[in-house]
Amino acid sequence: MNPELLAKAKSLGFSDQQIACLTGRKEEEVRALRKQYGLAPSYRLVDTCAAEFEAYTPYYYSSYDRGDDEVRSSDKRKVMILGGGPNRIGQGIEFDYCCVHAAFALKEDGFETLMVNSNPETVSTDYDTSDRLYFEPLTLEDVLNIYEREKCWGAIAQFGGQTPLNLALGLQKNGVNIIGTSPQDIEIAEDRKLFAAMLRKLAIPQPPNGIATSEAEALAVAKELGYPVLVRPSFVLGGRAMQIVYSDSDLQRYMRFAVEASPERPVLVDQFLEDATEVDVDCIADVGGCSRPGQGQIVIGALLEHIEFAGVHSGDAAMVLPPHTLSPKVVQVIRDYTHAMARELNVLGLMNVQYAVKGETVYVLEVNPRASRTVPFVSKAIGIPLAKLAAKVMAGRSLAELGFTKEVWPKNWAVKESVFPFNRFHGQDILLSPEMRSTGEVMGLDAELGIAYAKSQMAAGGPLPLSGRVFMSVSDAHKEDLVEIARQFAQLGFELIATSGTAAALENAGLKVERVFKLSAGRPNSLDLLKNREIQLVINTPTGQTPRADEVKIRTTAVYTNTPIMTTISGAKAALLGITALRNSGYGVKTLQEYHY
Amino acid sequence: MPKRTDIHSVLIIGAGPIIIGQACEFDYSGTQACKALKEEGYRVVLVNSNPATIMTDPEFADRTYIEPITPECLEKVIVRELEEMKRLDAKGKLVLLPTLGGQTALNTAMALFRGGALERHGVEMIGANARAIERGEDRQVFKDLMMSIGLDVPVSGTAHSLEECRAVAEKIGRFPLIIRPAFTLGGTGGGIAYNRDEFDEIAKRGLELSPVSEVLIEESLLGWKEFEMEVMRDRMDNCVIICSIENFDPMGVHTGDSITVAPIQTLTDKEYQIMRDASFAVIRAVGVETGGSNIQFAVNPDNGRMVIIEMNPRVSRSSALASKATGFPIAKIAAKLAVGYCLDEIPNDITRETPASFEPTIDYVVTKVPRFAFEKFPQADPTLNTQMKSVGEAMAIGRTFKESLQKALRSLETGRFGLGGDGRPWRIGDKVYADRDILPRDIISRKLSVPNAERVFFIRHALRAGFTVEEIFQLTKIDRWFLAQIKEIVDFEEVLARSRAS
């Protein structure tokens, strides 16, 4: 390929990857060819004035128009921070928060910071967040070009979520110094086999599991493990195509239509721990920066207990910090496991672990040696800027130097609630699942747990009612639990409404219930009442694995009429707690500064 | 004019949780505002329920309330802060700046105003007054105002019940009709109706979702070109255009879901000047005394008729894009204007010698491409319409539209490395095609005529399948200039592919 052709392709915006595919080469070969021809992008300034005046803020973009390069030279040690790219479900503002903190922290420590990101909605792409801003795509090609042009000392790939993490190995291969936990150790946490071997070595249990490369294998594995099982493709982001499967026929459907299984891309089958409690842990460690084993520190930032049962994606679940139902023994086991894994993985920076607790047994579900979605929430709940500390640790400081060596157990309650876009996607069922669908989160803070929960609901746009009518329709499995909840609602003066099955269960327990028609049985039915705003709260748990059309209608109607709805028993209990607290004492407001300083 | 000295504390309302139509751009604007106001020595009080934001980090405001953004909660904050200011023996007032936290902040501030809380506690609103907000947001009032200053608007009417809706539809006389609920975010509950059944359904939903049970029913401008102007004004009535933005997708697709390009590419200078003058006339008529606004225009490609679609009297999603596209920090400047400065008194950080009253000039092309997440909502309809469905966006800068488009497409994190030719397969329904396959014409036609998340890629498929630019224009109404640019990329893809053989 001649230089003119290559130069023309680059000026039309073709990536090395495209040129490679079209001309039958590898991406590396195109890069080598570009270097051979001296074809590198020039970096130009965004300066508000089309170069009429001198610009003082280094905000750059690349171009292959062969114009002058405007990058200013500097002798300072430079650290590149890789941002998260466009927001999507599973990758949002939390990672931008972490990147911004990394920039602030390293600036404080005397480094020159370079931010690379392509998302215009962010604080990280503000020209005064970092010392130099590169508004560029987060691909191997574009990032390497900048790294080489700027002759950086290192790069941080663990703060921008999955996007930069996917680039880490490739960047390292091309000579980039990825600071923090090494990409090889991160690989151990992400590779199923290596991860299982590590857990065996540390004697940490994980739910029984297997892999399948075909439908027949999947059925065999499921038979051995026993239903329900959690299935997912081996290469996923944000819980994509993850499902809880309850029967052979569901599993067959999943294998046929939801995934493409192959020997290279097997499907993972885990035993699903029913009614387990899930716990997220965020910790920070400087073990990886120490020369000898046993040195360095690991400090837990927080344990977050999920309100919904295990199986709901951790990005969608409501969480309570500190945990409110775990025994001291379980908390200690979680602490021990976390420390053991952080040490084994030589963590340098942040690590997130997801656990499932069933009875007193603690299982590890997943480990991510990087900044997690919950880092900003935890930082605000405990009053310690974890991301900032982690960035400094990654660049060489020790936790002891930074004065963060003790786990903080907050005196107040912090509740995280997720916010969903269901009102945009008409007809979509709203049940929570292993597939993440929330777009954002809110925090409720208070000295009392019930109030903190009530505030989280208010903030998420579904304030809990203090009086009125509660419509209940739950599966048989939940009827027993519901009786107690219903009794307390009745004691608070709420009127109970239910369809025949649920009503019978409540009446048997001696509760007064107003019956309402099922959708197909007559009018007015629950939908009519919802639309007329005659119901203030809905408690509706799914009756089967394949939700009945009726239920979906009830749930979606609740969304359109903005009626608060609880689709799990634990959610209903939390609502009750919140309503009781609000009715007893009302709520006040308090600043973060007062909580922590 | 210098900054106001009668202000002691400024209350800023954030945007709350990230939702479709209101993403982290408001963390960006709120953070800038906090910094700018602290810099001026004011005590900053912030309320935002979203813990994942930078602005709620304790060092950005003097008082950070991570509390629900509801009128009731805000009033509690106001009462508490007034007591605190008394304790501090503060000389000066508490004021409320509601224009930096998106629709959530604006709606909450308006609820406080309407409920009398602001008057009760003596809290002044700065940045935009309540009357200006009402004029900007109430669609009928806005339209009447536009006509009174000689600007054109789509034929329409407002309605508060289904009967009224039907009467308005009757008056306009033909389908399709656009239904827009008043005071909802990102057009929630709006839509395009092609027949009576759809009309009834969307109108009902819109009435339910509008907090004031009001919808606007409009003549359809489907296929018209759409433009946006980011304008700022100070209290001495200086006005500047920060950025002009052209929507690649014509009217009918929400701007948040449309590919957008800055600066405007397909207007003549004369047309642009007319639009600039109109923008100033709009911001003056609505009465946004200080700060930024976003004004949307539609232009009929057949006869050049220009109409005003709407205006947001606040910092919006487009403001974040305009700030990044030009380097001009709209939110920061808006905060400074709100406390009394004028544009010519605020220096531009980038050049240091020019003031903020200089309109930015750009010598490059910026392209923003939306990011969707339909795979997460398989039961939902993936057609794009006037209700925003994208969950994020990527922006890229290049010296030409072609360069910036391809950079933006490879920024999307969808596994693609540009417009095509990257070896990745195409999934269409249950079928999978290889990257360089020629797709069936009927599929291409359908994907071009009904707006969807992958439409830009189908322009490539269409060109490769032998569609002419004119045919693609007829199916998409995307301006021929954009199509011709894409054709250059596609033609060169063939040149590269041929070089493989040689």
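Since this is a predicted model, take the numbers as computed values, not measurements.

**Topic: the pairing of strand S1 (residues 42–45) of chain A**
Residue and element names in this part refer to chain A.
Thought 1: With burial as the criterion, each face of S1 is covered, one bearing Ser-42 and Arg-44 and the other bearing Tyr-43 and Leu-45.
Thought 2: The pairing of S1 with strand S2 (residues 59–63) spans four bridges and is antiparallel. Bridged to Leu-45 within S2 is Tyr-60.

**Topic: the sheet that holds strand S15 (residues 361–368) of chain A**
Residue and element names in this part refer to chain A.
Thought 1: Taking strand neighbours across the sheet as the criterion, the seven strands line up as S15-S14-S11-S12-S13-S16-S17 in an open arrangement whose pairing is antiparallel. The open sheet terminates on both sides in strands that have one partner only, identified here as S15 and strand S17 (440–446). Between one strand and the next, the sheet's axes are offset by a mean angle of 25 degrees, whatever the strand orientation.
Thought 2: Examined bridge by bridge, strand S11 (residues 277–286) and strand S12 (residues 298–309) share eight bridges and lie antiparallel to one another. Note on S12: the bridge partner recorded for Val-279 is Glu-305.

**Comments concerning the packing of helix H3 (residues 27–36) of chain A against helix H5 (residues 140–150) of chain A**
A pair of packed helices is captured by two measures, namely the crossing angle of their axes and the spacing between those axes.
Residues and elements named next belong to chain A.
Thought 1: Where H3 meets H5, the closest approach of the two axes is 12 Å, and the angle between their N-to-C directions is 35 degrees. Classified by chirality, the crossing of H5 by H3 is right-handed. Of the residues in H5, those touching H3 at Glu-27, Arg-31, Arg-34 and Lys-35 are Leu-140, Glu-141, Leu-144, Asn-145 and Glu-148.
Thought 2: Along the lines of polarity and charge, the residues of the contact of H3 with H5 split into two nonpolar, one polar and six charged.

**A short note on the nonpolar core**
Thought 1: Of all hydrophobic cores here, the largest spans 128 residues; its most connected members are A:Met80 and A:Phe159.
Thought 2: A per-element tally of this core places helix H4 (residues 93–108) of chain A first, with nine residues.
Thought 3: Excluding its chain neighbours within four sequence positions, the residues that come into contact with A:Phe159 are A:Phe95, A:Cys98, A:Cys99, A:Ala102, A:Leu350, A:Ala371, A:Ala387, A:Ala390, A:Ala391 and A:Met394.
Thought 4: Counting 65 residues, the second largest nonpolar core, distinct from the first, contains A:Leu464, A:Met566, B:Ile78 and B:Ala130.

**Let's talk about the packing of aromatic side chains**
Thought 1: Applying the stated criterion across every chain yields a total of 20 aromatic pairs over all chains.
Thought 2: On the basis of an interplanar angle of 55 degrees and a centroid distance of 5.2 Å, the ring pair of A:Tyr61 and B:Tyr364 is categorised as tilted. Of this pair, A:Tyr61 sits in strand S2 while B:Tyr364 is found in the loop between helix H11 (330–338) and strand S15 (365–371), placing the two residues in two different chains. In terms of burial, A:Tyr61 and B:Tyr364 fall into one category: buried.
Thought 3: For the ring pair A:Tyr337 and A:Tyr355, a centre distance of 6.5 Å and an interplane angle of 35 degrees mean the geometry is tilted. Taken together, the residues span a long stretch of sequence, with A:Tyr337 in helix H11 (residues 328–344) and A:Tyr355 in strand S14 (residues 348–358) at a distance of 18 residues.
Thought 4: Taken together, the aromatic side chains of B:Phe248, B:Phe401, B:Trp481 and B:Phe482 make up a single cluster linked through ring pairs.
Thought 5: Here A:Arg77 stacks its cationic end above the ring of A:Trp153, 4.4 Å away from the centre of that ring.
Thought 6: Cation over ring: B:Lys3 sits above B:Tyr42, and NZ or CZ is 5.7 Å from the ring centre.

**A word on the confidence of the model for chain B**
As a general rule, the predicted coordinates of low-pLDDT regions are not to be interpreted in detail.
Thought 1: Taken as a whole, chain B shows an average pLDDT of 93; of its residues, 99% reach a score of 70 or greater.
Thought 2: Across the whole predicted complex the pTM is 0.93, and at the interface the ipTM reaches 0.93.

**Looking at the state of the cysteines**
Thought 1: Under the definition given, this model contains zero disulfides over all chains.
Thought 2: A:Cys99 provides the cysteine sulfur closest to A:Cys152, a residue in no disulfide bond, and the two sulfurs are 15 Å apart.
Thought 3: In this model B:Cys342 remains outside any disulfide bridge; the closest cysteine sulfur is found in B:Cys239, 12 Å from its own.

**Overview of the packing of helix H16 (residues 476–491) of chain A against helix H20 (residues 569–585) of chain A**
All names here are of chain A.
Thought 1: Two elements in contact, H16 and H20, have axes separated by 10 Å at closest approach and are oriented at 10 degrees. Our classification of the angle between H16 and H20 gives roughly parallel. From H16, His-478, Asp-481, Ile-485, Gln-488 and Phe-489 reach across to H20, where they touch Ile-569, Ala-572, Lys-573, Leu-576 and Ile-579.
Thought 2: Among the residues making up the contact of H16 with H20, the classes are represented as six nonpolar, two polar and two charged.

**Overview of the sheet that holds strand S6 (residues 154–156) of chain A**
Residue and element names in this part refer to chain A.
Thought 1: Taken together, the six strands give an open sheet; going across it, the order is S1-S2-S5-S4-S3-S6, and neighbouring strands pair in mixed fashion. Of all the strands in the sheet, just S1 and S6 have a single pairing partner and so form its edges. Each strand of the sheet is rotated relative to its neighbour by a mean of 30 degrees, with strand direction disregarded.
Thought 2: Of the pairings in the sheet, the one linking strand S3 (residues 78–82) to strand S4 (residues 112–117) comprises five bridges and is parallel in character. Directly across from Ile-81, in S4, lies its bridge partner Met-115.
Thought 3: Its contacts with the sheet put H5 on S1, S3, S4, strand S5 (132–135) and S6, and the angle it makes with S3 is roughly 170 degrees.

**Side note on the interface of chain B and chain A**
Thought 1: Taken together, the contact between chain B and chain A spans 113 residues of the former and 103 residues of the latter.
Thought 2: On the chain B side of the interface with chain A, the three residues burying the most area are B:Ile350, B:Lys376 and B:Phe377, jointly 8% of the side's total.
Thought 3: Taken together, the links from chain B to chain A amount to 11 salt bridges.
Thought 4: Residue A:Asp142 is joined to B:Arg410 by a salt bridge in which the shortest nitrogen-to-oxygen separation is 2.8 Å.
Thought 5: Of all the elements in the fold, those that place two or more residues in the side of chain B that touches chain A are helix H1 (25–39), strand S3 (63–65), helix H2 (71–87), helix H8 (196–209), helix H10 (317–326), strand S16 (392–398), helix H12 (401–410) and helix H16 (480–501) of chain B.
Thought 6: Broken down by element, the residue count for the side of chain B that touches chain A peaks at nine residues, all from H16(B).

Conventions adopted
- Residues numbered from 1 in each chain as written.
- Chains lettered and ligands numbered in written order.
- Predicted model: local features only at pLDDT ≥ 70, side-chain atom pairs only at ≥ 80, totals over all residues.
- Heavy atoms only, no water.
- Buried < 20%, exposed > 50% of the residue type's maximum accessible area, 1.4 Å probe, protein only.
- Helix = DSSP H or I, 4+ residues; strand = E, 2+ residues; numbered from the N terminus.
- Pairing = 2+ DSSP bridges.
- Axes fitted to C-alpha atoms, helices over the stretch in contact; angles between N-to-C directions.
- Left-handed = near helix turned anticlockwise from the far one by under 90°.
- Contact = heavy atoms within 4.5 Å.
- Nonpolar A, V, L, I, M, F, W, Y, C, P; charged D, E, K, R; others polar.
- Core = buried A, V, L, I, M, F, W, Y, C linked by side-chain atoms within 4.5 Å.
- Phe/Tyr/Trp six-rings, centres within 6.5 Å; stacked < 30°, edge-to-face > 60°.
- Lys NZ or Arg CZ within 6 Å of the ring centre and 35° of its normal.
- pLDDT = per-residue confidence, 0-100.
- Disulfide = S-S within 2.5 Å.
- Parallel < 35°, antiparallel > 145°, perpendicular 65-115°, else oblique.
- Buried area = accessible area lost by both parts, 1.4 Å probe.
- Salt bridge = Lys/Arg side-chain N within 4 Å of Asp/Glu carboxyl O.

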